[in-house]
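# Architecture and fold: a report
Residue-level listing of the chains:
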Amino acid sequence: MFWLITELAVYLSSLLLSACGTALKNNRILGGQDATSGSWPWYAVLYNYFGGTLITDQWVLTAASIAPPDVYLGRYNLSGLNPNEVNRTVEKVICHPNYTFWTYENDICLLKLSAPVNFTDYIRPICLASENSTFNNDTSSWLQPTSCPVHGRLLQRY
């Protein structure tokens, strides 16, 4: 089952490589500060507290321990207006078959959205590594938390 999730994610992300991983509104980050709208266009807000990652126009990757009924994309302010926000209900949840609630082992899930989202400057998928990717010691990468994404009520950049 897990190989199916992996293959699906890789296949779907390869269809969208031209749009993925580009944060058109992001610039260099130094220290922790409030993010601007569009800084993290692949960030999905779940339960107004947890996070996930948009990997295609209809799939979000997150922790199995979260699995919400709704997903918010384009949101960066958790207590104010988000003019670029799009909301989708979750149509299907595919979690790792060996997920263990007590230890959080295999804590990974795919959420299929009720309808595809349109990509904008504020909503875009992240790029996933291909099956044959090599990561050297000097490879730069970003880490996205799945919980506590805020300080105050705005997403933070570190």
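An unreviewed UniProt entry lists the chain under the name Peptidase S1 domain-containing protein, from Amphilophus citrinellus.

### Notes on the packing of aromatic side chains
By the definition in use, this model includes 3 aromatic pairs. Between F101 and W102, the aromatic rings sit 5.0 Å apart at their centres with planes inclined by 80 degrees, giving edge-to-face as the arrangement. Judged by relative accessible area, which is 48%, F101 ranks as partly exposed. Using a relative accessible area of 75% as the deciding quantity, one classes W102 as exposed. Between the aromatic rings of F101 and Y104, the centroid separation amounts to 6.4 Å while the plane-to-plane angle is 55 degrees, which identifies the pairing as tilted. Overall, Y104 belongs to the partly exposed group, its relative accessible area being 47%. An aromatic cluster of three or more residues is present, and its members are F101, W102 and Y104. Looking at R75, its charged tip hangs above the ring of Y72, at a distance of 4.0 Å from the centre.

### Comments concerning the pairing of strand β3 (residues 50–54)
Among the 5 residues of β3, 4 are classified as buried, and the element is accordingly described as predominantly covered. Looking at chain direction, strand β2 (residues 43–46) and β3 are connected through 4 bridges and run antiparallel. Across the sheet, the residue bridging to V45 is G51, located in β3. In textbook terms, the turn of a hairpin is the stretch between consecutive antiparallel strands, and for β2 and β3 this stretch comprises 3 residues, one of which, Y47, has a positive phi near 60 degrees. The sheet contact formed by β3 and strand β4 (residues 59–62) spans 2 bridges and is antiparallel. If you follow L54 over to β4, its bridge partner there is V60. Where β3 hands over to β4, the hairpin turn is made up of 4 residues, counted between the paired strands.

### Comments concerning the side chain of T56
Summarising the element assignment, T56 is placed in the loop between β3 and β4. The exposure class of T56 is buried, given its relative accessible area of 2%. A polar atom in the side chain of T56 sits 3.1 Å from the backbone nitrogen of W59.

### Some thoughts on the state of the cysteines
Going through the model one piece at a time under the given rule, you end up with 1 disulfide. Two residues, C95 and C109, share a disulfide whose sulfurs are 1.8 Å apart. Taken as a pair, C95 in strand β6 (residues 86–95) and C109 in strand β7 (residues 109–113) lie far apart in primary sequence, 14 residues in all. Taking relative accessible area as the criterion, C95 reaches 23% and is therefore assigned partly exposed.

### Remarks on empty space enclosed by the protein
Sizing a probe to match a water molecule and rolling it over the atoms shows the empty space that remains. What the rule picks out here adds up to 1 cavity of 30 Å³ or more. Estimated volume of the largest cavity: approximately 60 Å³. Contributing to the lining of the largest cavity are 12 residues, with G38, S39, W40, R75 and Y76 lying nearest its centre.

### Focus: the pairing of strand β5 (residues 70–73)
It is a general feature of regular strands that their side chains alternate between the two faces of the sheet. Residues V71 and L73 line the buried face of β5, whereas the alternating positions D70 and Y72 sit on a face that is not buried. Both β2 and β5 contribute to a ladder of 2 bridges, which runs antiparallel. Opposite A44, over in β5, you have L73 as the bridge partner. Note that β5 and β6 share 4 bridges and pair antiparallel. If you follow V71 over to β6, its bridge partner there is R88.

What counts, and where the lines are drawn
- Residues numbered from 1 in each chain as written.
- Predicted model: local features only at pLDDT ≥ 70, side-chain atom pairs only at ≥ 80, totals over all residues.
- Heavy atoms only, no water.
- Phe/Tyr/Trp six-rings, centres within 6.5 Å; stacked < 30°, edge-to-face > 60°.
- Buried < 20%, exposed > 50% of the residue type's maximum accessible area, 1.4 Å probe, protein only.
- Lys NZ or Arg CZ within 6 Å of the ring centre and 35° of its normal.
- Helix = DSSP H or I, 4+ residues; strand = E, 2+ residues; numbered from the N terminus.
- Pairing = 2+ DSSP bridges.
- Polar contact = N/O pair within 3.5 Å; in protein donor to acceptor, adjacent residues only side chain to side chain.
- Disulfide = S-S within 2.5 Å.
- 1 Å grid on protein atoms, 1.4 Å probe; cavity = no way out; pocket = protein on both sides within 12 Å on 5 of 7 lines; lining within 4 Å.
- Points joined across faces, edges and corners; volume = space filled by probe spheres on them.

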